[in-house]
Amino acid sequence: MAQAETNLDQLTVNTIRTLCMDAVQKANSGHPGAPMGLAPSAYVLFKRFLKHNPKNPAWIDRDRFVLSGGHASSLLYSLLYLFGYGLELDDLKNFRQWKSRTPGHPEYGDTPGVETTTGPLGQGIANAVGMAIAERHLAARFNMEETELINHHTYVMCGDGDLMEGVALESISLAGHLGLGKLILLYDDNSITIEGKTDIAFTEDVGAKFKSQNWHVVTVEDGNDLDEIQKAIQAGKDAVARPTLVQIKTHIAYGSPSKQDSSDAHGSPLGEEEIKLVKLFYGVPEDKSFYVPEEVLENCRKALNYGEGFERTWQEIFDEYKIEYPEQTAEFVDAISGFLTQGWDAKIPQFNPEDGPVATRAASGQVLNAIAENLPTLMGGSADLAPSNKTYLNCSTDFQNQARDGRNIRFGVREHAMGGIMSGMYLHSGIRPFGGTFLVFADYMRPAIRVATLMNLPLIYVFTHDSVAVGEDGPTHQPVEHLASLRAIPGLTVVRPADANETAFAWKKALETLDSPTALILSRQKLPTLDVSQRDGEFQYGAYTVKAISDPEMILIATGSEVHICVEAAQILEETHNIKAAVVSMPSWELFEKAPAAYRERILPSGVTKRIAVEAGISMGWEKYTGTEGTIIGINKFGASAPGSTVLHAYGFSPENIVKNALDLLK
């Protein structure tokens, strides 16, 4: 390599470092140490490897880059600015400020070039695994023998903290099993966390761990050696049968006289005087903030030209593909655009009361399979519970190492990874993911659900075994607080259907929703199919009257299996006590809150103040609908091991107890 080029490369690396230091210092907040150590690796990746087009960050065949250690966001923003993604120097100066395009952690949708929201450690690795799965699946679906529409890599950069998180181990285990050879993980091995040296809590052999998970491992002993970093990344690209870990020995806050290799540099600014000393060490003007030499900007902005060349070459391939494979082209455009294929819902079944009771989990499985036949982008699985969750797609095979076209993912007992992987699959585009487990285990994947909701991703979570009706497995497997917990996540739509037809409506609504995830809450036990001949209202609004009555004296409100108990109770009240009670099924609070005010008033007339809410979960939140003159039949303690019907009855979920509460309310 020519000396001039070497000097320019080093100047560019140091410019990235100083931009990061200056951004953190001006904000008086942030994490300068990791960006200073990682700048050489990030530069080599962006300059010498990344297939991308900064003018079109959404180009489908671009390489993906995920900064899993999102606290190092100033590094990513500096790269996006230098390489021409549309950020300005002022954006770096507004780092971590109100409404800036450079928030404290990378946020999907806020900044061009940010592929996913990261910050909660480990989840970015799961997202990257999902992106790599999507890449391989779409390649299997659409690539022809001599025409490749999809062929790119997923790079993820992480630190020690990421690898301590359980979600990371779950994800790397699955990635190794699947042999995701286009996934390359750059590990910032600086041996420092917030509390000090990593050896106070983390002494494992990381390389050996990855090798045991079927990963290819390459080590770079000097994280400042650009050529060695380049060789290592190339070795990862050459290892096509396995994902690769590039373990890079770095120095946090490299060049800082007092803070290099110290936890002091992790999460606080270096200070003005220290920054001057660091800049002196780097050989850049120590009295200039946000200094970017012209030759550095010119060096990086070459990406604008070669990026356009990457996409132009791909477009030429696609133009030929369109002529030769028109049917596949239409499917490809639908997939990448996120369109629901015409006729996708044509086979959704309708259920009749005379067909007998059916568990909503079983109805969900029937609906899912009916949709999957006409919606080829629908892809997912469960955390080792497909037979129970009813989430297996009968029209397809498993996605495995040698079968990339399969649409069933065996996530294994890895709920948190499943949630993060689902997000990555959708973020890649071309896939509409779903994933299932028992409702009680939503706790294991809650962090991924939260971040997916923050990103407005239309994922579908299938949570079965929805209450103490699980029965003999006991309180460890009986969800009580979980509905309230999920409803507390802003933007997540929670739907608990009362019967098979509500389940079908829920699936349809979830797939038609493109700006938020949906959690389907489904029963283990069989439930009757409602006779909706008296129904007033629409499912899409989140609540409707299943037993309508003129001038009701009270309203019984319920979700899921408890709707049927309320219908029975209303009949007893009418026939035995001459009390008129309407019954409202409210499968989704969130949808009901979005309904027009006039509709909400029609379903829950303000003049009817005697109300009972019935749900086999904690009562918190139902006060909004019962008001000061109503009451709630819920469960504010853990469950018990016994047959499900016994537990429900013992906890007050019986027509008789509802009637008793109604009579007490009307006294």
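Here the residue numbering is sequential within each chain, running from 1 through the sequence in written order. In keeping with the predicted nature of the model, local features appear solely for residues at pLDDT of at least 70, side-chain atom pairs appear and are counted solely at 80 or more, and the whole-chain, interface and lining totals rest on all residues. In computing side-chain properties, one takes all heavy atoms of the structure into account and sets aside hydrogens as well as water.

Caption draft 1: Local environment of the UniProt feature "binding site: substrate" (unreviewed entry) in the chain. Under the local residue numbering, the UniProt record ascribes the feature "binding site: substrate" (unreviewed entry) to His31, His266, Arg361, Ser388, His465, Asp473, His477 and Arg524. The greatest C-alpha distance among the residues just named is 47.8 Å, and with 494 residues of sequence between them they are spread in space as well. Helix numbers and strand numbers start at the N terminus; a helix is a DSSP run of H or I with at least 4 residues, a strand a run of E with at least 2. With respect to the element layout, His31 can be found in the loop between helix H1 (3–27) and helix H2 (33–49). For His31, a relative accessible area of 14% gives the class buried. Note on definitions: a residue-residue contact is assigned when non-hydrogen atoms from the two residues lie within 4.5 Å. Each residue touching His31, except ones within four places of it in the same chain, is listed here: Val24, His71, Ser74, Arg96, His266 and Gly267. Polar contacts involving the side chain of His31 include one to the main-chain carbonyl oxygen of His71, which spans 3.4 Å. Tracing the backbone shows Arg361 in helix H13 (residues 360–372). Setting aside its immediate chain neighbours within four residues, Arg361 contacts Ser388, Asn389, Lys390, Thr464, His465, Leu522, Ser523 and Arg524. UniProt positions are given in the numbering used here, feature names are shortened, and annotations may be inferred rather than shown by experiment. Exposure categories follow from relative accessible area, calculated using a 1.4 Å probe and restricted to protein chains: below 20% of the type maximum is buried, above 50% is exposed, and the middle band is partly exposed. N or O atoms closer than or at 3.5 Å make up a polar contact, with two conditions inside protein: a donor-capable atom paired with an acceptor-capable one, and, for residues adjacent in sequence, both atoms drawn from side chains.

Caption draft 2: Summary view of the pattern of salt bridges. What counts as a salt bridge is simple: a side-chain nitrogen of Lys or Arg found within 4 Å of a carboxyl oxygen of Asp or Glu. Under the criterion given, the structure shown has 27 salt bridges. With a closest N to O distance of 2.8 Å, Glu115 and Arg62 form a salt bridge. Of the two residues, Glu115 is situated in the loop between helix H4 (89–93) and helix H5 (123–142) and Arg62 in the loop between H2 and strand S1 (64–67); the sequence distance between them amounts to 53 residues. Of the two residues, Glu115 and Arg62, neither departs from the other in class, the shared state being buried. When the shortest N-O distance is used, the salt bridge between Arg141 and Glu331 registers 3.4 Å.

Caption draft 3: The pairing of strand S14 (residues 518–521), seen in detail. Side chains of S14 alternate between two faces, with Thr518 and Leu520 and Ala519 and Ile521 buried alike. At least two DSSP bridges between two strands are needed for those strands to be called paired. Pairing of strand S12 (residues 460–464) with S14, which is carried by four bridges, proceeds in the parallel orientation. Bridge pairing links Ile460 to Thr518 in S14. For strand S13 (residues 493–495) and S14, the ladder comprises three bridges, and the chain directions are parallel. Considered in S14, the bridge of Val495 is made with Leu520.

Caption draft 4: Representation of the sheet that holds S13 within the structure. Strand order in this open sheet of six strands is S10-S9-S11-S12-S14-S13, and the pairing throughout is parallel. Since the sheet does not close on itself, it has two edges, and those belong to strand S10 (408–410) and S13, each with one partner. Put simply, the sheet's adjacent strands are angled 20° from each other on average, direction ignored. The pairing of strand S11 (residues 432–438) with S12 spans five bridges and is classified as parallel. By the bridge assignment for S12, Gly435 is matched with Tyr461. Only the stretch in contact is used when a helix axis is fitted, and all axes are lines through C-alpha atoms; the angle between N-to-C directions ranges over 0 to 180 degrees.

Caption draft 5: Focus on the side chain of Lys259. For Lys259, the position within the fold is in the loop between strand S7 (244–249) and helix H10 (272–282). One buried charged side chain, Lys259, makes no salt bridge at all; its nearest oppositely charged neighbour is Asp264, positioned 6.2 Å away. In this structure, Lys259 is in contact with Ile252, Ala253, Asp264, Ala265, Pro269, Leu270 and Glu274, ignoring residues within four places of it in sequence. Counting rule for charge: Lys and Arg are taken as positive, Asp and Glu as negative, and neither His nor the chain ends is counted.

Caption draft 6: Layout of the packing of H13 against helix H18 (residues 500–512). For the pair H13 and H18, interaxial distance at closest approach is 9 Å and the crossing angle is 45°. Overall, the two elements H13 and H18 adopt an arrangement that is oblique. Between H13 and H18 lies a crossing whose hand is right-handed. Judged by residue contacts, Thr360, Ala363, Ser364, Val367, Leu368 and Ile371 of H13 engage Ala500, Thr503, Ala504, Trp507 and Leu511 from H18. Oblique is the label for any angle not covered by the other classes, which are roughly parallel (under 35 degrees), roughly antiparallel (over 145) and roughly perpendicular (65 to 115). With the far helix as reference, a near helix turned anticlockwise by less than a right angle produces a left-handed crossing, and one turned clockwise produces a right-handed crossing.

Caption draft 7: A look at a negative patch on the surface. Only residues whose relative accessible area exceeds 30% and that take part in no salt bridge are eligible for patches, with like-charged residues grouped when within 9 Å of each other and nonpolar side chains (Val, Leu, Ile, Met, Phe, Trp, Tyr) grouped when within 5 Å. Surface accessibility in these figures is a Shrake-Rupley result with a 1.4 Å probe; residues are shielded only by whichever protein chains are displayed. Throughout, a charge is located at the NZ atom of Lys, the CZ atom of Arg, the CG atom of Asp or the CD atom of Glu. A cluster of acidic residues, Glu145, Glu146, Glu316, Glu320 and Glu324, forms a negative patch at the surface. If you trace the backbone, Glu145 turns up in the loop between H5 and strand S2 (154–159). Of the residues examined, Glu145 reaches a relative accessible area of 83% and is grouped as exposed.

Caption draft 8: Main features of the pairing of strand S18 (residues 581–585). For S18, the tally of buried residues reaches five of five residues, placing the bulk of the element in the interior. Here S18 shows no split at all, with Ala581, Val583 and Ser585 on one side and Ala582 and Val584 on the other all buried. As judged from the three bridges shared by strand S16 (residues 544–547) and S18, these two strands associate in the antiparallel manner. From the neighbouring strand, Tyr544 faces S18, where its bridge partner is Ser585. The sheet contact formed by strand S17 (residues 554–558) and S18 spans five bridges and is parallel. From the neighbouring strand, Ile557 faces S18, where its bridge partner is Val584. With the strands aimed away from the viewer, a crossover counts as right-handed if its path from the first strand over the helix to the second runs clockwise. As a crossover connection, the stretch from S17 through helix H19 (residues 562–577) into S18 is right-handed.

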